[in-house]
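Chain residues, written in single-letter form:
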Amino acid sequence: MFTGIVTDIGTVTSVESPGDTRVIVSTVYDTATIDLGASISCSGVCLTVVDKGPNWFAVDVSGETISRTAKDQWTAGRTYNLERAMKLGDELGGHIVTGHVDGLGTVVALAEEGGSHRVTIRAGADIAPFIAPKGSVTVDGVSLTVNSVRDIDGEVEFGLNIIPHTWGVTTLGTIHVEQSVNIEIDVLARYLQRMEHYRVKAS
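Here goes a summary of the coordinates provided. Remember, predicted model here, so these are calculated numbers, not experimental data. (Residues numbered from 1 in each chain as written. Predicted model: local features only at pLDDT ≥ 70, side-chain atom pairs only at ≥ 80, totals over all residues. Heavy atoms only, no water.)

1. Structural notes on the sheet that holds strand S9 (residues 136-139)
The test is simple: Two strands pair if DSSP finds at least two bridges between them. Note on conventions: DSSP H or I runs of at least 4 residues are helices, E runs of at least 2 residues are strands, and numbering of each starts at the N terminus. All axes here are fitted lines through C-alpha atoms, helices being fitted over the stretch that makes contact, and every angle between N-to-C directions spans 0 to 180 degrees.
Reading around the circumference, S7-S8-S11-S10-S9-S12 is the order of the 6 strands in this closed barrel, with antiparallel pairing throughout. In this sheet, adjacent strand axes meet at a mean angle of 45° when their direction is disregarded. Pairing geometry for strand S8 (residues 116-123) and strand S11 (residues 155-162), over 7 bridges, is antiparallel. Each residue of the ladder has a partner; that of Ala123, found in S11, is Val156.

2. Observations concerning the side chain of Thr166
For clarity, the threshold we go by: Type-normalised accessible area, obtained with a 1.4 Å probe on protein chains alone, sets the label of each residue: buried when under 20%, exposed when over 50%, and partly exposed for intermediate values. Throughout, a residue-residue contact means that at least one pair of heavy atoms, one from each residue, lies within 4.5 Å.
When you line up the elements, Thr166 lands in helix H2 (residues 164-169). Overall, the relative accessible area of 16% leaves Thr166 in the buried class. Ignoring any residue separated from it by four or fewer positions in sequence, one finds Thr166 in contact with Val142, Leu144 and Leu172.

3. Details of the pairing of strand S5 (residues 56-61)
As paired strands, strand S2 (residues 21-26) and S5 are joined by 6 bridges and run antiparallel to one another. Bridge pairing in S5 places Ser26 opposite Trp56. Where strand S4 (residues 45-53) and S5 come together, 4 bridges link them in antiparallel fashion. When the sheet's bridge partners are listed, Val49 is paired in S5 with Val59. Taking the residues between adjacent antiparallel strands as the criterion, S4 and S5 are bridged by 2 residues, where Asn55 takes a positive phi near 65°.

4. Here we look at the nonpolar core
Threshold: As used in this record, nonpolar core signifies buried Ala, Val, Leu, Ile, Met, Phe, Trp, Tyr and Cys residues forming a set joined through side-chain atoms within 4.5 Å.
Within the largest apolar cluster, 24 residues are counted, with the highest numbers of intra-cluster contacts made by Ile121, Val137, Phe158 and Leu160. Where this core is concerned, the elements lending two or more residues are S8, S9, strand S10 (142-152), S11 and strand S12 (180-185). Contact partners of Ile121, with chain neighbours within four places excluded, come to Gly105, Thr106, Val107, Val108, Val139, Val156, Glu157, Phe158, Leu160, Val181 and Ile183.

5. Digging into the sheet that holds S5
Strands sit in the order S1-S2-S5-S4-S3-S6 around a closed barrel of 6 strands; the barrel is antiparallel. Direction aside, the axes of adjacent strands within the sheet are offset by 45° on average.

6. Points about the pairing of S2
Relative to S2, strand S1 (residues 8-16) is paired through 5 bridges, and the arrangement is antiparallel. When the sheet's bridge partners are listed, Ser14 is paired in S2 with Ile24. Two successive antiparallel strands, S1 and S2, enclose a turn made up of 4 residues.

7. Considering the packing of aromatic side chains
The geometry of two aromatic rings is summed up by the distance between their centres and the angle between their planes. Using the following cut-off: Two rings from Phe, Tyr or Trp (for Trp, the six-membered ring) form a pair when their centres are within 6.5 Å of each other. A pair whose planes differ by under 30 degrees is stacked, one over 60 is edge-to-face, and the rest are tilted. Two conditions define a charge sitting above a ring: the NZ of Lys or the CZ of Arg must be within 6 Å of the ring centre, and it must be within 35 degrees of the ring normal.
Applying the stated rule across the entire model yields 1 aromatic pair. Centre to centre, the rings of Trp74 and Tyr80 are 5.7 Å apart; their planes meet at 65°, and the pair counts as edge-to-face. Pair check on accessibility: Trp74 and Tyr80 agree, each one buried. Above the ring of Tyr29, the side-chain terminus of Arg84 is found at 5.9 Å from the ring centroid.

8. A closer look at the pattern of salt bridges
Put simply, the rule reads: Any carboxyl oxygen of Asp or Glu within 4 Å of a side-chain nitrogen of Lys or Arg constitutes a salt bridge here.
As enumerated under the stated definition, the model contains 5 salt bridges in all. Two residues, Asp60 and Arg22, come together in a salt bridge whose shortest N-O distance is 2.7 Å. Here the residue Asp60 occupies a position in strand S5, and Arg22 occupies one in strand S2, the gap between them amounting to 38 residues. In this structure Asp60 comes out as partly exposed when scored by relative accessible area, which is 29%.

Here it is as structure tokens:
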């Protein structure tokens, strides 16, 4: 379980394919405090630490995960928003995040607004029912608040206001138009959708 509050930007130093794809990530984390088998969110994807050394850790990424996550994410030189799993008693600074990608979005517009940045993302029909103004969404592992929503031909475009702090301490500061991003919907929206499905089915 995570909160969507990024605590480091890691960089992929190498990618190997002994079976599943093994990705080596550099980090400022004290890896002596990270157990093998621990979970780390890598730009919104919950992965298991399978090896480590001073200031680096390795994760194995299945073909299924690669097929369902952002294009070119698993390549050398790529930067990740990193977050270690919550511990009991940690502050819930963002919202409840599972590290399971629900779908992909595409950045369609960027604009400066004062000192902040306005980012507009377009996502498909699988994501559209779960995006609401002032609701929570996770984009590449970052907990954000949706500012605006526009439905277009069954898909959805939603606007995000990225404050300077978030812009500076996450990979969102290097985002560009047409970039693919990982989206995780609010877990509460997921359960409400399931409940609504059974309510309609029973009526």
